[in-house]
Amino acid sequence: MITSSAPGKIFLFGEHAVVYGKTAIACAIDLRAHVTVDEAPSIQMKGPGGSIDLNPRKHPYIYSVVEKFKGLTDVTGVSIDIHSDIPVGSGLGSSAAVTIATIKALDAYYETNLTLEDIAQMGHLVESEVQGRASPTDTFVSTFGGMVQIPDRKKLGFHDMLIVIGNTGKFSSTRKIVSNVAALRERHPIVIGQIMDTISAISETGVDFIQEGDFHTVGELMNINQGLLDSIGVGSKELSELVYASRKAGALGSKITGAGGGGCMIALCEHKNLSRVAHAVKRAGGDSFICRTSNTGVRIE
Ligand code: MEV
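Contact pair helix α2 (residues 94-110) / helix α3 (residues 116-131): the axes reach a minimum separation of 9 Å and the direction vectors enclose 135 degrees. Classed by the angle they form, the pair α2 and α3 counts as oblique. Remark: the crossing between α2 and α3 carries right-handed chirality. Side by side, α2 and α3 meet where Ser-95, Ala-96, Thr-99, Ile-100, Ile-103 and Lys-104 of the first sit next to Ile-119, Ala-120, Met-122, Gly-123, Val-126, Glu-127 and Gln-131 of the second. For the contact of α2 with α3, a count of residues per class yields seven nonpolar, four polar and two charged.

Here it is, written out as structure tokens:
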């Protein structure tokens, strides 16, 4: 029996723009998905109600991972058991964390000797197949951990950051929102193109301030990024309420993380304001919790 785990992530800057090859900065967080694989009579998913055979419609990410392993080794009987701290469909990279942890667990179980690069690449292929258009951000961050610049796939110096996450509780489909943005970009190529360029410039400007630990300026840039995310139609009333409540309570900056439309927002905080911001987000209707950035990528437990 082998258990592995991989982290979820937040976008400090650059979601959506990264889909068009622009720069984004994302960071792993200390919420993780755990995957245990074990011997079984067929390829099965374990759940609270018992085991069921792997099903491409119910378990698209795991199914796609298993299909890839069938190209590497003889996969006939294995059970896969998932336990995740990361809310699903919320912009925190839960599907990538489950995908990457499953690849690592199967790699160890079948001794296929994949490198971290191989794992990140396979994960990105899986996400692209299941989601349509997908940037390598979630799978890369979940594999390597820490703070990462995409598309350069460059690991930045790690900083411990305190984040309040506010979950609207509204499921959002990344696939649908990414395709809405693509349609808007087709209707207004120059306007949306320039917004994507500006988001990219925010990410590039943000790198130096992150490295210097100037979180006041990082927060200010997050707020500008949020305005631009609203402008491309990925905000919502619920997300805005949490964003403004967090700023009023003293967050250094706050924005949507991930695709938007629902899901989560993040607020960068100083220690002294952390619980005030978390309470304000809760009062504004969000399920709020505190997390930290994490430098730990996928690993065997
Ligand atoms: C979704 O978490 C982030 C997007 O930029 C899509 C992607 O990067 O694949 C909207």
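Still more to cover.
Let us now look at the pattern of salt bridges. Following the criterion strictly, the structure yields eleven salt bridges and no others. Notably, a salt bridge pairs Glu-129 with Lys-68, separated by 2.9 Å at the nearest N-O pair. Within this pair, whereas Glu-129 is found in helix α3, its partner Lys-68 is found in helix α1 (residues 60-70), the two being separated by 61 residues in sequence. The salt bridge involving Glu-301 is made with Arg-299; its shortest N-O contact spans 3.0 Å.

Attention now moves to the state of the cysteines. Taken as a whole, this structure holds zero disulfides when the rule is applied. Lacking any disulfide linkage, Cys-27 is separated from the closest cysteine sulfur, that of Cys-291, by 9.1 Å.

Let us look at the domain arrangement of the protein. Parsing the protein into structural domains produces domain 1 (2-156) and domain 2 (162-292). The C-alpha-based centres of domain 1 and domain 2 are spaced at 24 Å. For the pair domain 1 and domain 2, the summed buried area comes to about 2,800 Å², and 66% of that belongs to carbon and sulfur atoms. Summed over the three residues of domain 1 that lose the most area to domain 2, namely Phe-13, His-16 and Tyr-20, the buried surface amounts to 26% of that side. At the junction of domain 1 with domain 2, the criterion picks out two salt bridges. Inspection of the region where domain 1 meets domain 2 yields 14 residue pairs in polar contact (both at pLDDT 80 or more). Elements represented by at least two residues in the side of domain 1 that touches domain 2 include exactly β1 (2-13), β2 (24-38), α3 and β6 (147-150).

The next point concerns the packing of aromatic side chains. One pass over the full model with this rule turns up two aromatic pairs. When the ring of Tyr-109 is compared with that of Tyr-110, the centres are 5.0 Å apart and the planes differ by 85 degrees; the resulting orientation is edge-to-face. The class for Tyr-110 is buried, based on a relative accessible area of 18%. Relative to Phe-144, the ring of Phe-140 lies with its centre 4.6 Å away and its plane at 35 degrees, an arrangement referred to as tilted. Within this pair, Phe-140 and its partner Phe-144 are both found in helix α4 (residues 137-144), separated by four residues, close to a single helical turn. You'll find Phe-140 and Phe-144 in the same group, each marked buried. Taking the ring centre of Tyr-244 as reference, the NZ or CZ of Arg-247 above it sits at 5.3 Å.

Our focus in this paragraph is unusual backbone geometry. The step from Ile-150 to Pro-151 runs through a cis peptide bond, and the omega angle for that step is 10 degrees. Examined against the element boundaries, Pro-151 turns out to sit in the loop between β6 and β7 (154-156). The phi dihedral of His-16 falls on the positive side, at around 70 degrees, and the residue is not glycine. Along the chain, His-16 turns up in the loop between β1 and β2. The exposure class of His-16 is buried, given its relative accessible area of 4%. Here the phi dihedral of Arg-153 falls at roughly 55 degrees; this positive angle occurs in a residue that is not glycine.

Cut-offs and rules
Residues numbered from 1 in each chain as written. Predicted model: local features only at pLDDT ≥ 70, side-chain atom pairs only at ≥ 80, totals over all residues. Heavy atoms only, no water. Axes fitted to C-alpha atoms, helices over the stretch in contact; angles between N-to-C directions. Helix = DSSP H or I, 4+ residues; strand = E, 2+ residues; numbered from the N terminus. Parallel < 35°, antiparallel > 145°, perpendicular 65-115°, else oblique. Left-handed = near helix turned anticlockwise from the far one by under 90°. Contact = heavy atoms within 4.5 Å. Nonpolar A, V, L, I, M, F, W, Y, C, P; charged D, E, K, R; others polar. Salt bridge = Lys/Arg side-chain N within 4 Å of Asp/Glu carboxyl O. Disulfide = S-S within 2.5 Å. Domains from an automatic or database assignment. Buried area = accessible area lost by both parts, 1.4 Å probe. Polar contact = N/O pair within 3.5 Å; in protein donor to acceptor, adjacent residues only side chain to side chain. Phe/Tyr/Trp six-rings, centres within 6.5 Å; stacked < 30°, edge-to-face > 60°. Buried < 20%, exposed > 50% of the residue type's maximum accessible area, 1.4 Å probe, protein only. Lys NZ or Arg CZ within 6 Å of the ring centre and 35° of its normal.

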